Amino acid sequence: MDTANHTVSKPTLFSSFVAITKARLAISVVFSTVAGYLLGVNSWSSQNWLTLLFLIVGGYCMVGASNVFNQIIEKDLDALMDRTKNRPLPLGTVSKQNAFILGIILTLLGLSILYYVNAKTAMFGAISIFMYVSLYTPLKTITPLSVFVGAFPGAIPYMLGWVAATGNFGIEAGTLFIIQFFWQFPHFWAIGWFLYDDYKKAGFFMLPTGKRDKKTALQTILYTIWMIIASIIPAFGYTGKLFLTKISAGIVVMLGLWMLFYAVKLYKEMDAKAARKLMIVSVSYISLLQIVFILDKFLR
């Protein structure tokens, strides 16, 4: 009997950890960090494997901590929305006290591990968690500018990898930051569009005009265009050691036009289905773009 109970408790504990740290989101963020690291590293040795491992673990801890604190703050609001009402805190499977302890442990562990990589990496990790928890999260119920504020911590992971590899923040890391910064807007506005009714229950303001209207759809198109432009800047030789060949730049443009097509489709159709499709494409876009950048570096 004891063995059976022990067996049942393990998956429950693990699933609660996965849910409260938003594992899928955390893994996608860590993927961006790894991509930035691979772009920044000059030569590969056994030490790079250790650094990469520390970056992955430390990065997950920091993102997980941000998500834990976010869910503590939004516990009552999460209970109002269909997509979040089954999270551990609203369900009561994890208490606020235990969640807070977990958040503190993940923060301290993440910062310590990232500091081992280098001090600047730890600093940007700390800035990211502070902005996400202390600025972006409370602003979601106050102003649509929350998306603008949230775009800063959301864009840090890509450039964080470069800083981890080089120990420097320059034009290269700044360019990676700008690419992911502009990507945040069409991505999160698409989410805000198709989840509009659910967000409304909690009083979240995610769309730039506060409504699903032509102005919001037009801004989605414009920011997608800015994202495409930022993504091909490395092809013109103005971004230091971060470079993109013309062929790869062409692929990046095609990927951007793919996403732009669905942004325009949202403008034309103005419905949740088009917004959801744009969101899905945006997730694929950012991952494929990072893969193209990596392959371009190691194959040229």
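The structure contained in this document is the topic of the report that follows. Residue numbers restart at each chain and count upward from 1, following the sequence in its written direction. Under the rules for a predicted model, residues below a pLDDT of 70 receive no local features and side-chain atom pairs below 80 are neither given nor counted, while totals for whole chains, interfaces and linings still include all residues. Note that the side-chain values use all heavy atoms of the structure and ignore hydrogens as well as water.

Details of the overall build of the chain
For clarity, the cut-off: Secondary structure elements are defined from DSSP: runs of H or I of at least 4 residues count as helices, runs of E of at least 2 residues count as strands, and each element is numbered from the N terminus. Using C-alpha atoms as the atom set, the radius of gyration is obtained and then compared with a globule rule of 2.2 Å times the number of residues to the power 0.38. In this scheme, a residue with accessible area under 20% of its type's maximum is buried, one over 50% is exposed, and one in between is partly exposed, where area comes from a 1.4 Å probe on protein chains only. The contact definition used throughout considers only heavy atoms, calling two residues in contact when any of these lie within 4.5 Å.
The helix and strand inventory of the chain stands at 13 helices and zero strands. Along the chain direction, N to C, the helices and strands of the chain fall in the order α-α-α-α-α-α-α-α-α-α-α-α-α. Relative to the 2.2 N^0.38 estimate, which gives 19 Å for 300 residues, the radius of gyration of the chain is 20 Å and therefore close to what a compact globule would have. The principal-axis extent of the C-alpha atoms belonging to the chain is close to 60 × 50 × 35 Å. Put simply, the chain has 300 residues, and 50% of those count as buried. Sequence separation of at least 24 residues holds for 73% of the intrachain contacts in the chain that already meet a minimum separation of 6.

What to know about the side chain of Ser16
Along the chain, the position of Ser16 falls in helix α1 (residues 2–20). For Ser16, a relative accessible area of 11% gives the class buried. Residue contacts for Ser16: discarding those within four places in its chain leaves Pro88, Thr93 and Val94.

Structural notes on the packing of aromatic side chains
Centre-to-centre distance and the angle between the planes together describe a pair of aromatic rings. Applied cut-off: Aromatic pairing here means that ring centres of Phe, Tyr or Trp (its six-membered ring) are within 6.5 Å. Orientation follows from the plane angle: under 30 degrees is stacked, over 60 is edge-to-face, and everything else is tilted.
Taken as a whole and judged by the stated rule, the model has 21 aromatic pairs. With a centroid separation of 5.2 Å and 40° between ring planes, the pair formed by Tyr132 and Tyr136 is classed as tilted. Of this pair, Tyr132 and Tyr136 are both found in helix α7 (residues 119–139), four residues apart, which corresponds to roughly one turn of the helix. Neither Tyr132 nor Tyr136 differs from the other in exposure class; each is buried.

Overview of the environment of Tyr37
In this structure, Tyr37 sits in helix α2 (residues 23–40). Between the C-alpha atoms of Tyr37 and Lys22, which are 15 residues apart in sequence, the distance is 23 Å.

Brief notes about unusual backbone geometry
Its identity is not glycine, yet Lys22 carries a phi of approximately 50°, on the positive side. In this fold, Lys22 is placed in the loop between α1 and α2. By relative accessible area, Lys22 is classed as buried at 17%. In this model, Met270 sits at a positive phi of 55°, which is unusual for a non-glycine residue. Secondary-structure assignment places Met270 in the loop between α12 (246–269) and α13 (272–299).

So, helix α6 (residues 96–117)
Put simply, the rule reads: By this rule the span expected of a helix is its residue count minus one, scaled by 1.5 Å. Note that the arc is computed from the directions linking the helix axis to the C-beta atoms.
In a regular helix each residue adds 1.5 Å, so 22 residues correspond to 32 Å; α6 covers 31 Å between its end C-alpha atoms and thus fits that length. Of all the positions in α6, only Ala99, Gly103, Leu106, Thr107, Gly110, Ile113, Leu114 and Val117 are classed as buried. The buried residues of α6 occupy an angular sector of 150° when projected down its axis, which confines them to one face. Of the exposed residues in α6, the ones pointing more than 90 degrees away from its buried face are Gln97, Leu108 and Tyr115.

Remarks on the pattern of salt bridges
Close approach of charged atoms allows side chains with opposite charge to pair. Heads up, the condition is: One side-chain nitrogen of Lys or Arg within 4 Å of one carboxyl oxygen of Asp or Glu is enough to make a salt bridge.
Scanning all chains against the criterion turns up seven salt bridges. Close ionic contact of Asp82 with Lys85 constitutes a salt bridge, the shortest N to O distance being 3.5 Å. Where Asp82 meets Lys201, a salt bridge forms, and the shortest distance between an N and an O atom there is 3.1 Å. Of this pair, Asp82 sits in the loop between α4 (75–78) and α5 (88–91) while Lys201 sits in helix α10 (residues 196–202); the two residues are 119 residues apart in sequence, bridging distant segments of the chain. Each of the salt bridges in this network shares a partner with another, and the network as a whole consists of Asp82, Lys85, Asp198 and Lys201.

Let's talk about the side chain of Thr143
Operational definition: The definition of a polar contact used here is a pair of N or O atoms within 3.5 Å, where within protein one atom must be able to donate a hydrogen and the other to accept one, and adjacent residues in sequence count solely through side-chain atom pairs.
If you trace the backbone, Thr143 turns up in the loop between α7 and α8 (146–166). Side-chain polar atoms of Thr143 contact the backbone nitrogen of Leu145, separated by 3.1 Å.

Comments concerning α8
With 21 residues, α8 should reach 30 Å at 1.5 Å per residue; the first-to-last C-alpha distance of 31 Å fits that figure. Most of α8 sits out of view: 16 of its 21 residues are buried. Positioned one or two residues after α8, Gly167 has a phi angle of 80°, which is positive.

As for the nonpolar core
How we decide: The nonpolar core is taken to be a set of buried Ala, Val, Leu, Ile, Met, Phe, Trp, Tyr and Cys residues, with the residues joined through side-chain atoms within 4.5 Å.
Within the largest apolar cluster, 91 residues are counted, with the highest numbers of intra-cluster contacts made by Leu39, Met159, Tyr285, Leu289 and Phe293. Among the elements that make up this core, the one with the highest residue count is helix α9 (residues 171–194) (13 residues). Those residues in contact with Phe293, other than ones at most four positions away along the chain, are Leu39, Tyr158, Ile179, Ser231, Pro234, Leu242, Leu244 and Val252.

Focus on the packing of helix α11 (residues 214–232) against α12
Short version of the rule: Between N-to-C directions, angles cover 0 to 180 degrees, with each direction set by a line fitted to C-alpha atoms, over the stretch in contact for helices. To sort the angles, those under 35 degrees are grouped as roughly parallel, those over 145 as roughly antiparallel, those from 65 to 115 as roughly perpendicular, and the leftovers as oblique. For this classification, the nonpolar set comprises Ala, Val, Leu, Ile, Met, Phe, Trp, Tyr, Cys and Pro, the charged set comprises Asp, Glu, Lys and Arg, and every other residue, Gly included, is treated as polar.
Remark: α11 packs on α12, axes separated minimally by 9 Å, with the N-to-C direction vectors making an angle of 180°. On the basis of the axis angle, α11 is roughly antiparallel to α12. Of the residues in α12, those touching α11 at Lys214, Ala217, Leu218, Thr220, Ile221, Thr224, Ile225, Met227, Ile228, Ser231 and Ile232 are Ala249, Val252, Val253, Gly256, Leu257, Met259, Leu260, Ala263, Val264, Tyr267 and Lys268. A breakdown of the residues in the contact of α11 with α12 according to their chemical character gives 16 nonpolar, four polar and two charged.

Nothing here speaks to function; it is all geometry.
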